[in-house]
Amino acid sequence: DDGHLGEWGWTDLRRACPCALCAGEGSMPGIMTLDMVLTPEQTTLTQVKWIGRYALAPIWGDGHDTGLYTYTRLREICACPERRP
């Protein structure tokens, strides 16, 4: 609602997937690491679903669709000029 226009690279967005498989859950680590090589299918965004009024759920070319990115989290990982160091 504040008019901010965010920017995200597809690879960075996929690496930031908050789902239990990618990010981990409890004491279990996720499978996503910074050195993991991602395929073109894993970084191709095919669709985005709105989840209520609080999140977006990207659907990736490999079918992965369980990551719910809250608007707060998207702002935190935004790569726009005003957020870059």
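This section reports on the structure supplied with the text. (Residues numbered from 1 in each chain as written. Predicted model: local features only at pLDDT ≥ 70, side-chain atom pairs only at ≥ 80, totals over all residues. Heavy atoms only, no water.)

**With respect to the sheet that holds strand β5 (residues 69-70)**
Thinking step 1. In space, the three strands of this open sheet follow the order β3-β4-β5, with antiparallel pairing throughout. Of all the strands in the sheet, the pair left with one neighbour each is β3 (45-51) and β5.
Thinking step 2. Pairing between β3 and strand β4 (residues 55-60): six bridges, direction antiparallel. The residue bridging V48 from the neighbouring strand is P58, located in β4. (Pairing = 2+ DSSP bridges. Helix = DSSP H or I, 4+ residues; strand = E, 2+ residues; numbered from the N terminus.)

**Notes on the pairing of β4**
Thinking step 1. Most of β4 sits out of view: six of its six residues are buried.
Thinking step 2. On β4, burial covers both faces: A55, A57 and I59 on one face and L56, P58 and W60 on the other are all buried.
Thinking step 3. Two elements, β4 and β5, share two bridges in a ladder whose sense is antiparallel. Its bridge partner lying in β5, A55 is registered against T70. (Buried < 20%, exposed > 50% of the residue type's maximum accessible area, 1.4 Å probe, protein only.)

**Quick word on the nonpolar core**
Thinking step 1. Counting residues in hydrophobic clusters, the biggest one holds 10 residues: L13, C17, C19, C22, M32, L38, L56, W60, Y69 and L74.
Thinking step 2. Discounting chain neighbours no more than four positions away, the residues touching M32 are R14, R15, C22 and L38. (Core = buried A, V, L, I, M, F, W, Y, C linked by side-chain atoms within 4.5 Å. Contact = heavy atoms within 4.5 Å.)

**Some thoughts on the pattern of salt bridges**
Thinking step 1. In this structure the tally under the stated criterion is two salt bridges.
Thinking step 2. Taking the shortest distance from any N to any O, the salt bridge between D62 and R14 comes out at 3.1 Å. Highlighted residues: D62 in the loop between β4 and β5 and R14 in helix α1 (residues 10-15), separated in sequence by 48 residues.
Thinking step 3. For R14, a relative accessible area of 3% puts it in the buried group.
Thinking step 4. With its nearest N and O atoms 3.3 Å apart, the salt bridge here joins E76 to R73. Taken together, the residues span about one helical turn, with E76 and R73 both in helix α3 (residues 71-76) at a distance of three residues.
Thinking step 5. Take E76: its relative accessible area is 45%, and that puts it in the partly exposed class. (Salt bridge = Lys/Arg side-chain N within 4 Å of Asp/Glu carboxyl O.)

Purely geometric stuff here, so don't read any function into it on its own.
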